Amino acid sequence: MKMVCLFILPSKIQKRRLEDMKTAARKRNITVVDIFCSSVTHIVTEHENLDQVVKTMKLADTGALDKIQVLSVAWFTDSMKAGAPVPVEERHRIKREKADTDNGGNDSNRRNPFILPEYACQRATCLKHYNHKFTRALEILQKHAELRDNEHDSSRALAFRRASCVLKSLPFPLTSMSQLKKLTNIGDHCKRVIQEILEDGECSEVTKLQDDWFHKMVVFTSIFGIGSATAKKWIEKGWSTIKDAQEGHISSDWRVKWAFHSDLNTPVKLQEAQYIQQIVRKEAETILPGIILQITGGFRRGWEEGHDVDILMTHPEDGKEVGFLARLLHRLHNKGIILCGNLEKSTYSDDMLTLDSKLSAKGQLDHFEKWLGIIKIPQSCSETPARDDSGSLSNIGSCDHKGTNSVAHPTSNTASEQPLNYQPLNLHESFEDLESKAKKQKLGTENELSPMKLAKLDRNWIARRVDLIVSPYNQYFYALVGWTGNKQFNRDIRTYAQKELGMKLSSHGLYDLNKNCALPARSEKEVFENLKLQYLEPWERNC
Ligand code: 8DG
Ligand code: CA
Ligand code: CA
């Protein structure tokens, strides 16, 4: 049976029973979402007909439910008894009150506008959705605006992104402009683009934008550490390929020195991220037993590739994390894993909880102690997904260190869904491999060679970008939300906190500006509760 993503309509179901139903389904490995979103495949309801469901869910019409099975609690009970979702029978289906003989009526219903909450943090935004042809176009416009406009003025780019984000949350494919009527965040420019795609299948403005200049800018800015200002200068110099830049660009910045290393311009795979988590965990636990370590960023949101691996760490005992990162780096260095990087000391002080920071991408920079760098991993782990020491694949999606809230990702093949027929990697052998190969090649000083020479070596490792972040435990769950992202989600939830609640949210905490007090959180769910928001799983934060 196709992957089931279940939404239980709370209406007419007592709170306690609803929670029991969700728990029972999750125990049977069924994905259950708390908020209706575009991933939902099955709705279970106590309502007797479809019109009541549409009304309760504040949908404009039944069109939004076209691709979803709307089922009675009988289907749910049958599935719980069977231990897995059972095939849908006619008796399970929730139907319209009276047969819809009037096709025209149905069509006119479809043209009715749909309502979505204003902020992305109030609705689920998943990787897979119904409106890719529109969001792709809007995100090309966004990218173009980011590259073309002044780096300090992101307003045009953000307007395209917000519109794209709304379309990602729609639980049906857009077929008519009238469906947009009641949606906020879609301005006139975006509407023109959407209309042209609806009418012609593509937008001429978007096609024209993708010219020579745009392609060069995309190539140059995809190089690690290269921003739009540098890329523009390169184009002005007449450079058009990575090779031109590689030959002409000289810099002492470690990031730029490494910018052209071929490894860093190929995406990091999920199994490589898991492998890196595994080696860091092993060393970290040796130094500081009880350490909590979590992959964040795109991988936690269900992506199977990323540009780097973000690992957030903390310790439940206050103060234990102080000095830990330097010791961890020392150990990783001795193992021959580190190529280069930069350790940033914590610059946090309590007044930062209340200070105004810009809600821009740059404003997301925080004050934790962190190391941004490049490490080596054995080439073999790109081919073989890694397991953690318990023999099970590590669960990236879990929402806290106890893994109590982990939910299988409905739209991508995350750790928990991967087939288990891989040979576990032996970490010890992998390290020895790296070290002995280096010795055989008399490359004890490998790190001193230039990245380009290193790239050309016959080597058994590949270079990967890693961010290691250490947070005190009392800030950890806010850090987890911040470092899970995505950046647009962070922007949105922070604007929501400020405008709707008069609170200041950052990766360090939440501060109520009216009551003049900080609001602590002991789980990611509590972060959402403090913000009066329904909990969103990490994979529902792909705005
Ligand atoms: P990618 O690497 O696959 O491209 O995507 P990503 O994982 O979503 O992006 P990222 O650039 O690695 O950033 C991960 C999240 O961390 C992002 O949502 C922003 C958030 N973040 C903070 N604080 C800081 C900070 O100080 N620096 C950076 N670079 N990111 C931060 O909450
Ligand atoms: Ca990342
Ligand atoms: Ca990162």
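Residues numbered from 1 in each chain as written. Chains lettered and ligands numbered in written order. Predicted model: local features only at pLDDT ≥ 70, side-chain atom pairs only at ≥ 80, totals over all residues. Heavy atoms only, no water.

What the three strands build is an open sheet, ordered β12-β13-β14; its pairing is antiparallel. Single-partner strands in this sheet number two, and they are β12 (503-506) and β14 (517-518). One ladder, built from four bridges, connects β12 with strand β13 (residues 509-512); its direction is antiparallel. Counted as the bridge partner of Lys 504 is Tyr 511 from β13. (Pairing = 2+ DSSP bridges. Helix = DSSP H or I, 4+ residues; strand = E, 2+ residues; numbered from the N terminus.)

Next up on the list: the coordination of the calcium ion (ligand 3). Taken together, the protein donors to the calcium ion (ligand 3) comprise Asp 308 (OD), Asp 310 (OD) and Asp 467 (OD), at separations of 2.2 to 2.4 Å. In primary-sequence terms, the residues that donate to the calcium ion (ligand 3) follow D-x1-D-x156-D. Separation of the calcium ion (ligand 3) from the calcium ion (ligand 2) amounts to 3.8 Å, with Asp 308 serving as a shared donor to the pair. Of this pair, Asp 310 sits in strand β8 (residues 309-314) while Asp 467 sits in strand β11 (residues 461-470); the two residues are 157 residues apart in sequence, bridging distant segments of the chain. (Donors = N, O, S within 2.8 Å, 3.2 Å for Na, K, Ca; no water.)

The next subject is the packing of helix α5 (residues 132-148) against helix α9 (residues 212-221). Packed helices, taken two at a time, are described by the angle their axes make and the gap between the axes. Look at α5 against α9: their axes get within 11 Å of each other, and the N-to-C directions meet at 80°. One element, α5, and the other, α9, form an angle in the roughly perpendicular class. Taken together, the residues of α9 that come into contact with α5 (itself represented by Ile 140, Lys 143, His 144, Leu 147 and Arg 148) are Trp 213, Phe 214, Met 217, Val 218 and Thr 221. Classifying every residue of the contact of α5 with α9 gives six nonpolar, two polar and two charged. (Axes fitted to C-alpha atoms, helices over the stretch in contact; angles between N-to-C directions. Parallel < 35°, antiparallel > 145°, perpendicular 65-115°, else oblique. Contact = heavy atoms within 4.5 Å. Nonpolar A, V, L, I, M, F, W, Y, C, P; charged D, E, K, R; others polar.)

Omega for the bond connecting Gly 485 with Asn 486 falls within 30 degrees of zero, at 5°, which places this linkage in the cis form. Among the secondary structure elements, Asn 486 is positioned in the loop between α18 (476-484) and α19 (487-501). For Asn 185, which is not glycine, the phi torsion reads 70° and is therefore positive. Residue position: Asn 185 is located in the loop between α6 (155-169) and α7 (188-200). Here Asn 516, not a glycine, exhibits a phi torsion of approximately 55°, which is positive. Looking at the element boundaries, Asn 516 is found in the loop between β13 and β14. On the basis of relative accessible area, Asn 516 is assigned to the exposed category, the value being 55%. (Buried < 20%, exposed > 50% of the residue type's maximum accessible area, 1.4 Å probe, protein only.)

To continue, consider the site of ligand 1. In the vicinity of ligand 1, 18 residues are found, and the nearest of them are Gly 298, His 307, Asp 366, Lys 487 and Ser 507. Here an oxygen atom of ligand 1 and a side-chain polar atom of Arg 301 are 3.0 Å apart. Between ligand 1 and Asp 310 there is a distance of 3.0 Å, counted from an oxygen atom to a side-chain nitrogen or oxygen. About the coverage of ligand 1: the protein hides 83% of its 630 Å² of free accessible area. For the shell around ligand 1, the elements supplying multiple residues, two or more each, are α14 (297-300), α18 and α19. Class assignment for the residues of the shell around ligand 1 results in two nonpolar, 10 polar and six charged. Shared between two domains, the shell around ligand 1 takes at least three residues from each, and those domains are domain 4 (265-474) and domain 5 (476-540). (Near = heavy atom within 4 Å. Polar contact = N/O pair within 3.5 Å; in protein donor to acceptor, adjacent residues only side chain to side chain. Areas by Shrake-Rupley, 256 points an atom, 1.4 Å probe, with all protein chains shown as cover. Domains from an automatic or database assignment.)

So, about the UniProt feature "binding site: Mg(2+)" (unreviewed entry) in the protein chain. Per the UniProt entry, the sites bearing "binding site: Mg(2+)" (unreviewed entry) are Asp 308, Asp 310 and Asp 467 in this numbering. On the basis of their most widely separated C-alpha atoms, the annotated residues across 160 residues gather in one place, lying no more than 7.4 Å apart. For Asp 308, the location among the structural elements is in the loop between β7 (305-306) and β8. Classification of Asp 308 as buried rests on a relative accessible area of 6%. (UniProt positions renumbered as here; feature names shortened; annotations may be inferred.)

Turning next to helix α3 (residues 73-82). The α-helix winds at 3.6 residues per turn, so residues separated by three or four positions along the chain end up facing the same way. Taken as a whole, α3 has its buried residues at Val 73, Trp 75, Phe 76, Ser 79 and Met 80. On an axial view of α3, the arc spanned by its buried residues comes to 150°, and they lie on one face. Those residues of α3 that are exposed and aimed more than 90 degrees away from the buried face are Lys 81 and Ala 82. Summarising the contacts, the buried residues of α3 are in contact with β1 (5-8), α1 (15-27), β3 (42-45) and β4 (69-72). Where α3 ends, the next residue or the one after it, Gly 83, has phi of about 85°, a positive value. (Arc of directions from axis to C-beta.)

A separate point is α5. The terminal C-alpha atoms of α5, which comprises 17 residues, lie 24 Å apart, in line with the 24 Å expected from a rise of 1.5 Å per residue. Along α5, the positions that sit buried rather than exposed are Phe 134, Thr 135, Ala 137, Leu 138, Leu 141, Gln 142, His 144, Ala 145 and Leu 147. (Expected span 1.5 Å × (residues − 1).)

Our focus in this paragraph is the pattern of salt bridges. Applying the stated criterion across every chain, the model contains 23 salt bridges. The salt bridge partner of Arg 26 is Asp 34, with a shortest N-O separation of 3.5 Å. Asp 78 serves as the salt-bridge partner of Arg 91, at 2.9 Å between the closest nitrogen and oxygen. One end of the pair, Arg 91, is in the loop between α3 and α4 (103-110); the other, Asp 78, is in helix α3, and 13 residues separate them in sequence. Taking relative accessible area as the criterion, Asp 78 reaches 23% and is therefore assigned partly exposed. In this structure, a network of salt bridges that share partners links the residues Glu 19, Lys 22, Arg 26 and Asp 34. (Salt bridge = Lys/Arg side-chain N within 4 Å of Asp/Glu carboxyl O.)

The geometry of α6 relative to α7 is characterised by a closest axis approach of 10 Å and an angle of 55° between their N-to-C directions. By the angle class used here, α6 and α7 are oblique. For α6 against α7, the interelement crossing comes out right-handed. Contact residues: Ala 159, Phe 160, Ala 163 and Leu 167 in α6; His 189, Cys 190 and Ile 194 in α7. The class makeup of the residues in the contact of α6 with α7 is six nonpolar, one polar and no charged. (Left-handed = near helix turned anticlockwise from the far one by under 90°.)

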